[in-house]
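One-letter residues, chain by chain:
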Amino acid sequence: MSDFVPLEIRDGLLVDLADDAYPTRVYGWRADALALEADATHYGMAVEDGGVLQAEAGRFELRAGMFFVVPGAATVRGGAGMVISRLGYRGLFQLGGPVEAAGRLRYIDGCSDTLLVCPPVLSEPCLNHLHMPPGTDQTAHTHPSERIGVIVRGTGECRTPGGTFTLRPGMGWRIPTGVLHSFFTRGEALDVLAWHPDSDFGPTHDHHPMVNRTMVDGVSASAIDEIRTTEV
């Protein structure tokens, strides 16, 4: 695979990357209920109102622009959306959205980003809201791992050496590892949910807020080896 891949959100399996370095499957739901497998963590993105998520944590109604993270078996039905299932990984249950009007962090070329789902531990998956204002002409770039997501609102284009792809609300997309691409908007903003299978950001056993800001006689517990927990 060497180019941007538009994904029509329909019922069932959309992409199978089970044999990749980060084993992943991508599913859509629309008319039919979607049963999610037990040995995975599922990152869901609703593109239409009317969805219902049923998980161990309970029953939750979904509106367009909402997202969820569910470890283990679950079912989603109604409305429409996409689920990215990271196989063999257990994340933390989360539910959020709809996404805000713009991101909270500066990105590139006038764009902004919000880290909606942080990696619980350094290198684990994350989910982002990327906001591109009107008149964006992004610098061409690549990523060191897959990017998969949906268009939440607005229109634009993804430009690659292989062609230009129209972006519209409610569609899914995939950018394989290393594909050169850039996003372009004209008269309206574009809002994208983007899932990353890995991250170079996140807490570690030796660096996280609880241990860093536990003070013993004015010294952070992160610097006192004799009191540190050695196993979890």
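Each remark here, short or long, concerns the structure printed above.
Cut-offs applied
Residues numbered from 1 in each chain as written. Predicted model: local features only at pLDDT ≥ 70, side-chain atom pairs only at ≥ 80, totals over all residues. Heavy atoms only, no water. Helix = DSSP H or I, 4+ residues; strand = E, 2+ residues; numbered from the N terminus. Rg over C-alpha atoms; globule rule 2.2 N^0.38 Å. Buried < 20%, exposed > 50% of the residue type's maximum accessible area, 1.4 Å probe, protein only. Disulfide = S-S within 2.5 Å. Pairing = 2+ DSSP bridges. Axes fitted to C-alpha atoms, helices over the stretch in contact; angles between N-to-C directions.

Draft legend 1. Structural context of the overall build of the protein. A tally of helices and strands in the protein yields 1 helix and 22 strands. Here the C-alpha radius of gyration of the protein, 19 Å, is about what a compact globule of 232 residues would show, namely 17 Å. Dimensions along the principal axes, computed over C-alpha positions, put the protein at roughly 60 × 40 × 35 Å. Relative to its full complement of 232 residues, the protein shows a buried share of 49%.

Draft legend 2. Summary view of the state of the cysteines. One pass over the full model with this rule turns up 0 disulfides. In this structure Cys126 is not part of a disulfide, and its nearest cysteine sulfur, from Cys118, lies 8.1 Å away. Lacking any disulfide linkage, Cys158 is separated from the closest cysteine sulfur, that of Cys111, by 12 Å. A residue is classified by how much of its surface remains accessible, and Cys158, at 0% relative accessible area, is buried.

Draft legend 3. Looking closely at the pairing of strand β16 (residues 156-160). Here β16 lies mainly inside the structure; 4 of its 5 residues are buried. The pairing of β16 with strand β17 (residues 163-167) spans 5 bridges and is classified as antiparallel. Looking at the pairing, Arg159 lines up with Thr164 of β17. In this structure, β16 lies alongside strand β19 (residues 182-184), joined through 3 bridges in antiparallel fashion.

Draft legend 4. Broad picture of the sheet that holds strand β3 (residues 24-29). Spatially, 6 strands are ordered β2-β3-β10-β5-β8-β11 in an open sheet, and the strand pairing comes out antiparallel. Sheet topology places β2 (12-17) and β11 (94-96) at the edges, where each strand pairs with a single neighbour. Across the sheet, the mean angle from the axis of one strand to that of its neighbour is 15 degrees, orientation sign disregarded. Two strands pair when backbone bridges link them, and strand β8 (residues 67-71) and β11 are joined in this way by 3 bridges, in the antiparallel orientation. Opposite Val69, over in β11, you have Gln94 as the bridge partner.

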